[in-house]
Amino acid sequence: MLSELLTSGKLSIKMKLIITLTVILLSGLIISNYINYKSAQYSVRQNLINGILPLTRDNIYTEIQTNLIRPIFLSSLMANDTFLRDWAISGENDPAKITNYLKTIKDKYDFFTTFFISEKTRKYYHFTGVTKIISANDPHDQWYYKFINSGHEYELDVDTNEAAKNTLTIFINHRTLDYHKNLIGVTGVGLKMDKITGLLKSHKKEYGSIVYLVDTDGIVQAHPNEKLSEQADIHKLKGIKDIADTILSSKTDTAMYEFNRNDEHILLTVRYIPEFNWYLFVEIDENSRMGNVMKHIALNLLVGVLISCAVIAICIFVVNHFQSRLEHMAVTDELTGANNRREFDIQFRKSVYNYNRNGMPFSLIIFDIDHFKSINDTMGHITGDSSIKTIATIARSGMRLTDVLVRWGGDEFIILTHGDEDSALFAAERIRKQVETSEFFTRHEEGGEIKCEITISCGVSGFRKGDTLDSILARADAALYRAKTEGRNRIYRG
């Protein structure tokens, strides 16, 4: 009928052209959108499985660690505090002292609660005073006996806080020993459960995913829906119950699962958190994501070519944006922002090419932090990582824009600098002096704060005709070794 209308003389050429173009555009839109839908269906699934879910899981893992590692660390400090141990060993005289101590810790670090339970007297010392005498006959106190019999150094326990109107709390319990390794009690801190719940809710809003924490028995410890915390068991939850044992039997770092729940097809990624002995669960409903795709398909049909072009332009922009980010990540060390070995190999080959073609000299500076193991052992890995980042920043400030900073591994760096060996020695000395005179961190001791200085040792070698990467690195590394053996905080050429 449409062909008859177009061939008839009743319509003008203009109308025929408009109708023809409309049919072509509509047909093209329908066909292309159908193809796009099928393609998007596959892409969404792959993107969820290989992109969004792992990235969301790892981002949330980092945030949860940030929120819980600090209380664990501080509870460890309390358990090893000489004041607390001496006070307990000496007979628990003057309870006001321990009460003030606990209140100071609570106020300083903004904890919901702090406590100490004496193994000898079974008194529950709270930051407000002695709240009770724990008893093996009290069901609410069973956690104490279970914990001390477990042999674990610390544990995370979700429970109601009797001293705070039974508010649901995450307790970080830490075993306290005397100087002969005998148990004298349990100390620790508590975080209000709604703080962690709020964090999980924010991720649901931000990522469109449901995030929750489960212990090794399958009990949900933290959930955006507070009614499920300490109540729900994944062995009894619809859909997931069929794979619950499989999930809990594995303590590998990460795993991916699928299951159906009502009209939802759930993609689930799980990460085991060994520090807490909990599992991190991140769920996304694949069907809901496809619902969004359908809305976009319908919108494209309505608005036509212009919006299609805009979507294509936006897609190109987004792809280019994330591609540039991925390319950056592929050649960059995450901790320091310096280049990694892959980028170093590329830059080294370019420099060799320019040397052979144009005679442009270049040199390598290899350096590392003196006594870095001692820094890690005494101050912790967080301080060690902070020192490495600061060293990288100082090195960048002492380089030219054309030089290349590479994190070679651990606390070891390489600078590929364009110029002869003498100019490389000058640059290395500039960086060495700046590191030597920089203030990194302070250490708290009985006499007060002691500023800790950091130095570096450097080995320098210029590229010579016929050199390979292995040969020039061997010379620079030998020079670095000589700097180490002859006193550190110095530079030698190789």
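Just so we're clear, the structure is a prediction, and the values are computed from it rather than from any experiment.

## A look at the overall build of the protein chain
A tally of regular secondary structure across the protein chain gives 14 helices and 18 strands. Relative to its full complement of 494 residues, the protein chain shows a buried share of 44%. If you take every contact in the protein chain between residues at least 6 apart in sequence, the share linking residues at least 24 apart comes to 56%. Carbon and sulfur atoms form 55% of the exposed surface of the protein chain, whose accessible area is close to 27,000 Å².

## Here we look at the packing of helix H3 (residues 82–89) against helix H4 (residues 95–109)
It is at 11 Å that the axes of H3 and H4 come closest, and there the two elements cross at 155°. Compared by their axis directions, H3 and H4 come out roughly antiparallel. The handedness of the crossing between H3 and H4 comes out as left-handed. Across from Phe 83, Leu 84 and Trp 87 in H3, the residues of H4 making contact are Pro 95, Lys 97, Ile 98 and Tyr 101. Of the residues in the contact of H3 with H4, the class split is 6 nonpolar, no polar and 1 charged.

## Some words on a nonpolar patch on the surface
On the surface, Ile 31, Tyr 34 and Ile 35 cluster together into a nonpolar patch covering about 350 Å² of accessible area. With respect to the helices, strands and loops of the structure, Ile 31 is situated in helix H2 (residues 13–79). A relative accessible area of 52% means that Ile 31 is categorised as exposed.

## Some thoughts on the packing of helix H12 (residues 381–397) against helix H13 (residues 421–437)
At a minimum axis separation of 9 Å, H12 and H13 run at an interaxial angle of 140°. Between H12 and H13, the angle is such that the two are oblique. Read as a crossing pair, H12 and H13 show a hand that is right-handed. For the pair formed by H12 and H13, the contact residues are Ile 391, Ile 394, Ala 395 and Ser 397 on the first element and Ile 431, Gln 434 and Val 435 on the second. Residue composition of the contact of H12 with H13, grouped by class: 5 nonpolar, 2 polar and no charged.

## Considerations on the sheet that holds strand S12 (residues 362–369)
In sheet architecture, strand pairing relies on hydrogen bonds along the backbone and comes in two forms, parallel and antiparallel. As summarised here, the arrangement of the 5 strands in space is S13-S14-S12-S17-S18, forming an open sheet in which the pairing is mixed. Strands at the two margins of the open sheet, each flanked by one partner only, are strand S13 (404–409) and strand S18 (491–493). This sheet shows a mean twist of 20° between the axes of neighbouring strands, independent of strand direction. Against the sheet, helix H10 (residues 341–358) engages S12, S13 and strand S14 (412–418), with an angle of about 25° to S14.

## Some words on the pattern of salt bridges
Taken as a whole, this structure holds 23 salt bridges when the rule is applied. Between Asp 138 and Lys 132 there is a salt bridge, and its shortest N-O distance comes to 3.1 Å. Since its relative accessible area comes to 17%, Lys 132 is described here as buried. Here Arg 400 makes a salt bridge to Asp 403, at a shortest N to O gap of 3.5 Å.

## A few points about the sheet that holds strand S11 (residues 278–285)
One open sheet accounts for 5 strands, arranged S8-S7-S11-S10-S9; its pairing is antiparallel. Of all strands in the sheet, those bounded by a partner on one side alone are strand S8 (220–222) and strand S9 (254–261). Ignoring which end each strand starts from, the neighbouring axes of this sheet average 35° apart. In terms of strand pairing, strand S10 (residues 264–273) meets S11 through 8 bridges, oriented antiparallel. Considered in S11, the bridge of Ile 266 is made with Asp 285.

## Quick look at the pairing of strand S7 (residues 210–215)
Most of S7 sits out of view: 5 of its 6 residues are buried. As paired elements, S7 and S11 share 6 bridges and run antiparallel to each other. When the sheet's bridge partners are listed, Asp 215 is paired in S11 with Trp 278. Two strands pair when backbone bridges link them, and S7 and S8 are joined in this way by 2 bridges, in the antiparallel orientation. Directly across from Leu 213, in S8, lies its bridge partner Ala 222.

## Digging into empty space enclosed by the protein
The full count for this structure, using the stated rule, is 1 cavity of 30 Å³ or more. Taken as a whole, the largest cavity holds about 50 Å³ of empty space. Lining the largest cavity are Ile 247, Ser 250, Thr 252, Asp 253, Thr 254, Ala 255, Tyr 257, Val 270, Arg 271, Tyr 272 and Tyr 279. Of all the elements in the fold, those that place two or more residues in the lining of the largest cavity are S9 and S10. Counted by class, the lining of the largest cavity contains 6 nonpolar, 3 polar and 2 charged residues.

Reading the values: rules and limits
- Residues numbered from 1 in each chain as written.
- Predicted model: local features only at pLDDT ≥ 70, side-chain atom pairs only at ≥ 80, totals over all residues.
- Heavy atoms only, no water.
- Helix = DSSP H or I, 4+ residues; strand = E, 2+ residues; numbered from the N terminus.
- Buried < 20%, exposed > 50% of the residue type's maximum accessible area, 1.4 Å probe, protein only.
- Contact = heavy atoms within 4.5 Å.
- Areas by Shrake-Rupley, 256 points an atom, 1.4 Å probe, with all protein chains shown as cover.
- Axes fitted to C-alpha atoms, helices over the stretch in contact; angles between N-to-C directions.
- Parallel < 35°, antiparallel > 145°, perpendicular 65-115°, else oblique.
- Left-handed = near helix turned anticlockwise from the far one by under 90°.
- Nonpolar A, V, L, I, M, F, W, Y, C, P; charged D, E, K, R; others polar.
- Patch = residues over 30% accessible without salt bridge, like charges linked within 9 Å, V, L, I, M, F, W, Y side chains within 5 Å.
- Salt bridge = Lys/Arg side-chain N within 4 Å of Asp/Glu carboxyl O.
- Pairing = 2+ DSSP bridges.
- 1 Å grid on protein atoms, 1.4 Å probe; cavity = no way out; pocket = protein on both sides within 12 Å on 5 of 7 lines; lining within 4 Å.
- Points joined across faces, edges and corners; volume = space filled by probe spheres on them.

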